[in-house]
Amino acid sequence: MAKDINEIQGGPDHVAIIMDGNGRWATQRGRPRLLGHHAGARRVREMVEACPDFGVKYLTIFAFSTENWKRTQSEVAGLMKLFRRYIERETKALFKDGVRVRFIGDRQKLDDKLVSLMDNLELYTSGNDKVHLTIALNYGGRDEVTRAAQRLAFEVEQGRLSHKDVDAETLAKFLDTRFLPDPDLVIRTSGEARISNFLLWQSAYAEYEFVDTLWPDFTAEEFGKILSNYGNRERRFGAVSV
Ligand code: IPE
Ligand code: IPE
Ligand code: MG
């Protein structure tokens, strides 16, 4: 299963995953979509546990987008309940595995109980450093940049910042991801080749990997294969290869 770290030399430090295809996975089985979300949530632990073996220090996962509120009330409510239960159930294992968990996204629209579970998990795991797991919950790239611009404008309004000081580095400090390096690799499951508002600013130079596997079928083995292929890519960042 997990490949030795030495096999994935030059692998990515930060991998971001758009965990897509839960609904289709359930529908294919004639089951309610929510069952697919539960099956999908169960896949996360295996990927987190594989990270140290693969040399991945940062794993960021897209759990719920700012656009996912458009789904039926029952799917949204089921997902919110799943997030609460997930945190309650996984806290111990995450802590034991040395995982530091953080959340990105707008918490204002989330219910108080969920937000307090998120806050507690962040605090509880804040001393860990083995793997940095960031969960994007009610996250949207445009929403994040908009909120950052609002906070930045407020600083200017208050006279604490001059508009002349606003450069890419300053703006990045106002993003939810201020504590994260940019992703090196973004993986999307389920065959869709789009980014659906995920890490728009941060992925400017990320590599992308789109795989057909539906998220509940995704395994650490497939994860390892993708990471091995990544080592063969040449990232030029706009320059000419030497
Ligand atoms: C991804 O799976 C999980 C969330 C967006 C919450 P989907 O629910 O989008 O699954 P499909 O794309 O409908 O199969
Ligand atoms: C992106 O998947 C969001 C998450 C995986 C949480 P969606 O299923 O919501 O994206 P679209 O609707 O196919 O673009
Ligand atoms: Mg989807």
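No experiment lies behind these values; they were computed from the predicted model shown.

Cut-offs used in this document
- Here the residue index of a chain counts from 1 through its sequence in written order.
- Chain A is the first chain written and ligand 1 is the first ligand written, with later ones labelled in order.
- pLDDT decides what is reported in this predicted model: residues at 70 or higher carry local features, side-chain atom pairs at 80 or more are listed and counted, and totals for whole chains, interfaces and linings draw on all residues regardless.
- With hydrogens and water excluded, all non-hydrogen atoms of the structure serve as input to the side-chain values.
- Any residue with an atom within 4 Å of a point lines the site, the site being either a cavity, points on a 1 Å grid over the protein atoms alone where a 1.4 Å probe fits but cannot get out, or a pocket, an open set with protein on both sides within 12 Å along at least 5 of 7 lines.
- Grid points are joined across faces, edges and corners, and a volume is the space filled by probe spheres set on the points.
- Secondary structure counts use DSSP, requiring at least four H or I residues in a row for a helix and at least two E residues in a row for a strand, with both numbered from the N terminus.
- Residues are grouped as follows: nonpolar covers Ala, Val, Leu, Ile, Met, Phe, Trp, Tyr, Cys and Pro; charged covers Asp, Glu, Lys and Arg; every other residue, Gly included, is treated as polar.
- We call a residue near a molecule or strand whenever a single non-hydrogen atom of that residue lies within 4 Å of it.
- Whenever a nitrogen or oxygen atom comes within 3.5 Å of another N or O atom, the pair is scored as a polar contact, on the condition that within protein one atom can donate a hydrogen and the other can accept it, and that pairs from neighbouring residues in sequence are kept only if both atoms are in side chains.
- Per-residue and other accessible areas follow the Shrake-Rupley method at a 1.4 Å probe size, with only the shown protein chains counted as cover for residues.
- The rule for placing a molecule in a cavity or pocket is simple: more than half of its atoms must lie within 2 Å of the grid points.
- Paired strands, as defined in this entry, are two strands with at least two bridges between them according to DSSP.
- Here, axes are lines fitted to C-alpha atoms. For helices the fit covers the stretch in contact, and angles between N-to-C directions go from 0 to 180 degrees.
- Whenever Lys or Arg places a side-chain nitrogen within 4 Å of a carboxyl oxygen from Asp or Glu, that contact is recorded as a salt bridge.
- With a 1.4 Å probe rolled over the protein chains alone, any residue whose accessible area is under 20% of its type maximum counts as buried; one over 50% counts as exposed, and the rest are partly exposed.

Draft legend 1. Inspection of empty space enclosed by the protein at higher detail. Taken as a whole and assessed by the stated rule, the structure comprises one cavity of 30 Å³ or more. Put simply, the largest cavity is a space of about 30 Å³. The wall of the largest cavity is formed by R45, V48, E90, A93, L94, D97 and V99. Elements with a minimum of two residues in the lining of the largest cavity: helix 2 (33-54) and helix 3 (73-96). For the lining of the largest cavity, the element with the most residues is helix 3, which contributes three residues. For the lining of the largest cavity, the residue count by class is four nonpolar, no polar and three charged.

Draft legend 2. Expanded view of the site of ligand 1. As a matter of local geometry, ligand 1 sits amid M19, D20, G21, N22, G23, R24, R33, H37, A63, N68, R71 and L79. Measuring from an oxygen atom of ligand 1, one finds a side-chain N or O atom of D20 at 2.9 Å. A distance of 2.9 Å separates an oxygen atom of ligand 1 from a polar atom in the backbone of G23. The fraction of the free accessible surface of ligand 1 (380 Å²) that becomes covered by protein chains is 87%. Here ligand 1 is seated within the largest pocket. Breaking the shell around ligand 1 down by element, the ones donating at least two residues are helix 1 (22-28) and helix 2.

Draft legend 3. Inspection of the sheet that holds strand 1 (residues 14-18) at higher detail. Ordered in space as 3-4-2-1-5-6, the six strands form an open sheet in which the pairing is parallel. On the outer flanks of this sheet lie strand 3 (99-104) and strand 6 (207-210), each paired with one strand and no other. Within the sheet, the average angular offset between the axes of one strand and its neighbour, ignoring direction, is 20°. Sheet analysis places strand 3 next to strand 4 (residues 131-139), joined by six bridges and oriented parallel. Within the sheet, the bridge partner assigned to R100 lies in strand 4 and is H132.

Draft legend 4. Quick peek at the pattern of salt bridges. Throughout the structure, instances matching the rule amount to 23 salt bridges. Residue R147 is joined to D143 by a salt bridge in which the shortest nitrogen-to-oxygen separation is 2.9 Å. In this pair, R147 and D143 are both assigned in helix 5 (residues 141-157), four residues apart and thus about one turn of the helix distant. A relative accessible area of 13% places R147 in the buried class. Note that D176 and R147 form a salt bridge whose closest N and O atoms lie 2.7 Å from each other. Remark: R147 occurs in helix 5 and D176 occurs in the loop between helix 6 (168-172) and strand 5 (185-188); sequence separation between them is 29 residues. Among the residues examined, D176 registers a relative accessible area of 9% and is labelled buried.

Draft legend 5. Region of interest: the layout of surface pockets. The space that makes up the largest pocket amounts to roughly 610 Å³. Forming the boundary of the largest pocket are 31 residues, of which M19, N22, F62, A63 and F64 lie nearest the centre. Of all the secondary structure elements, the ones that give two or more residues to the lining of the largest pocket are helix 1, helix 2, strand 2 (58-65), helix 3 and strand 4. Its residues placed into classes, the lining of the largest pocket shows 17 nonpolar, eight polar and six charged.

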